[in-house]
Amino acid sequence: MYFLDNYEKISIIICFAGVAKLADALGSGPNVRKDVGVQVPSPALKGEVLKTIDIRADFPCLKRERNGKPPIYFDNACMTLKPSYVIEKINEYYTQYPACGERSTHWFAKEVDNAVEESRFLLKELINAEDEEEIVFTKNTTEAINIVAHSFPWEKTDIILTTDHEHNSNFIPWYMLKKHGLIADYIPVASAADNTFNLDHFEDIVKKYKGKIRFVSLSHVSNLNGVYITDNEIKEIVKMVKNQHDDAYVMLDGAQSVPHKRVDVRGLGIDFIAFSIHKMMGPTGIGVLYGRKELLNKKLLPFIVGGGVVNNSFFNKDPVFFKAPYKFEAGLQNYAGMIGAGAASRYLMRIGVENIESHEMRLNKMLTDGLKKFDEVEILPPRDYHKRSGIVTFFIKKLATKHDDDDVDIDEKLNIRANIMIRKGSFCVHSWYNAYKKYWDNFFPGFRPILYRASLYGYNTEKEIDVFLDTMEGILKELDDLPSL
Ligand SMILES: Cc1ncc(COP(=O)(O)O)c(C=O)c1O
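Because the structure is a prediction, the values reported are computed rather than measured.

**Student:** I'd like a rundown of the overall build of the chain, residues and numbers included.
**Tutor:** A count of helical and extended segments in the chain gives 15 helices and 20 strands. Among the 485 residues that make up the chain, the fraction classed as buried is 42%. The long-range share in the chain, meaning contacts at least 24 apart out of those at least 6 apart in sequence, stands at 73%.

Spelled out as structure tokens, the structure:
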């Protein structure tokens, strides 16, 4: 029996086209999920434009100031900020019942067990899994993907498909399987010219290797440029992959999708999804592997083994593993993380991931339109904000972006001048960056730009976008005397 948190401090002030408050509109009725105390948006309200999601008061770090200015946090694809609600839940574990779970029967241990299982329930609700037992706690997305890669019974003839813009965490595990000769091949399927997912090309590859494709693992939303695979495309992929091989499976890397959009694992028909709680307002060091129950129990044999995963062990015969999810959670666990994950999940559901998605889309439009006005700035395709989640990656069409070695780069200038925090680099998608030399050569032979990424979340505001664009304008003016492409 799970009971509701009496946490009414979450102040959701969501205005629709300046008229009604979503919170009022959803105060009661069939769309209020009473079982977890969360509200999901009424279908009748879908498609309306959100004006504000005012949850900022819940985030203590947003109250900070440096040089008289507030923080402007646009590094959400890397890590999101944490609301008081989540922090308090973690604190509660450490101050009230800091014991181990799933082992002891005493007072504190029971409280840990209850809190952890409640978290599993909330995460199951978040992604619409069938059963709490399908929620395996991991360290992060990376570990979740590795669990599948190293626990699946591969055959040497198997082929694995991904996209060509995967995070290293959804690339290296598959690459290593091939390197160790455990599978026949690993194929990163090329995207369309504008970097979006190319379903037709994907279908061609599936047809070409019919009967050999055993596993597909795709970034649901790319951390490189925010490109996403639509629900309909995923359903098509699942159909295609399962039609060509009756023992083939589809996994999504949901690190950038679960925190930002409605993900319904049963509706999509996928077999596995991996995501990280630190990207959805929860603590670090905790992630989730969702897998269909029968696959977790009958198909995968855990590779991290030891205490906590077996019911019994013998010197001369195989250990007796617990059923999922426990057979994958070896050793004493990150209980504070697990409990924080449940709190983050509840908080996210209360806001409504759809509301976050539409809010990000609106801010993304502002940011994209603003950046397009600067001649020196090129947005990494697709330029159309509709095709991207709340991520804008861009580069500067200048042969150098620093005046000299003593000068700081653009990301640092944004940080110093206006407390704007963005990310620079290859975002762990080195393989794509290295493979697409031709794309850069279109601008200038040998040109390899520095990529900058601004990534948004529900607590970001229009005002922050304005400050970003104004600060960028000033920085770009200073680069006037650098040679353009
Ligand atoms: C698409 C994607 N996949 C995987 C990861 C890895 O996540 P983690 O470092 O939490 O394991 C990230 C992190 O940025 C990501 O964006």
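**Student:** Account for the sheet that holds strand E17 (residues 391-396), with residues named and values stated.
**Tutor:** Note on sheets: strands pair through backbone hydrogen bonds, and any given pair is parallel or antiparallel. Taking strand neighbours across the sheet as the criterion, the four strands line up as E16-E17-E20-E19 in an open arrangement whose pairing is antiparallel. The sheet is open, and its two borders are formed by strand E16 (377-379) and strand E19 (423-424), each paired with just one other strand. Two elements, E16 and E17, share three bridges in a ladder whose sense is antiparallel. From the neighbouring strand, Glu-378 faces E17, where its bridge partner is Phe-395.

**Student:** Report on the sheet that holds strand E12 (residues 272-276), specifying residues and quantitative values.
**Tutor:** Taken together, the seven strands give an open sheet; going across it, the order is E7-E13-E12-E11-E10-E8-E9, and neighbouring strands pair in mixed fashion. Pairing within the sheet leaves two strands with one partner each, and these edge strands are strand E7 (135-138) and strand E9 (185-189). If you compare each strand with its neighbour and ignore which way they point, the axes differ by 20° on average. Where E7 lies against strand E13 (residues 287-291), four bridges are found, and the strand directions are antiparallel. Along E13, the bridge assignment pairs Ile-135 with Tyr-290. Of the strands in this sheet, E7, E12 and E13 are in contact with helix H3 (residues 107-127), which crosses E7 at around 110°.

**Student:** Let's hear about the site of the ligand: which residues, and what values?
**Tutor:** If you check the shell around the ligand, you find 15 residues, and the closest are Asn-140, Thr-142, Asn-223, Ala-255 and Ser-276. The residue makeup of the shell around the ligand, split by class, is three nonpolar, 11 polar and one charged.

**Student:** I'd like a rundown of the packing of helix H6 (residues 199-208) against helix H7 (residues 231-244), residues and numbers included.
**Tutor:** It is the contact of H6 with H7, at a shortest axis distance of 11 Å, that shows an interaxial angle of 5°. Considering the angle they form, H6 stands roughly parallel to H7. Each of Leu-199, Phe-202, Glu-203 and Val-206 in H6 lies in contact with H7, whose residues at this interface are Glu-233, Glu-236, Ile-237, Met-240, Val-241 and Gln-244. Looking at the contact of H6 with H7, its residues break down into six nonpolar, one polar and three charged.

**Student:** Residue-level account of the confidence of the model for the chain, with values.
**Tutor:** With 89% of its residues at a pLDDT of 70 or more, the chain has an overall mean of 88. The model gives residues 1-52 a pLDDT under 50, and that stretch makes 81 contacts with residues more than four places away or in other chains.

**Student:** Give a detailed account of the pairing of E13, specifying residues and quantitative values.
**Tutor:** Across the five residues that make up E13, a large majority, five, are buried. Here E13 shows a buried face lined by Gly-287, Leu-289 and Gly-291 and a second buried face lined by Val-288 and Tyr-290. The sheet contact formed by E12 and E13 spans five bridges and is antiparallel. Within the sheet, the bridge partner assigned to Phe-272 lies in E13 and is Gly-291.

Thresholds applied
- Residues numbered from 1 in each chain as written.
- Predicted model: local features only at pLDDT ≥ 70, side-chain atom pairs only at ≥ 80, totals over all residues.
- Helix = DSSP H or I, 4+ residues; strand = E, 2+ residues; numbered from the N terminus.
- Buried ≥ 20, exposed ≤ 12 C-beta atoms within 10 Å, placed from the backbone.
- Contact = placed C-beta atoms within 7 Å.
- Pairing = 2+ DSSP bridges.
- Axes fitted to C-alpha atoms, helices over the stretch in contact; angles between N-to-C directions.
- Near = placed C-beta within 6 Å.
- Nonpolar A, V, L, I, M, F, W, Y, C, P; charged D, E, K, R; others polar.
- Parallel < 35°, antiparallel > 145°, perpendicular 65-115°, else oblique.
- pLDDT = per-residue confidence, 0-100.

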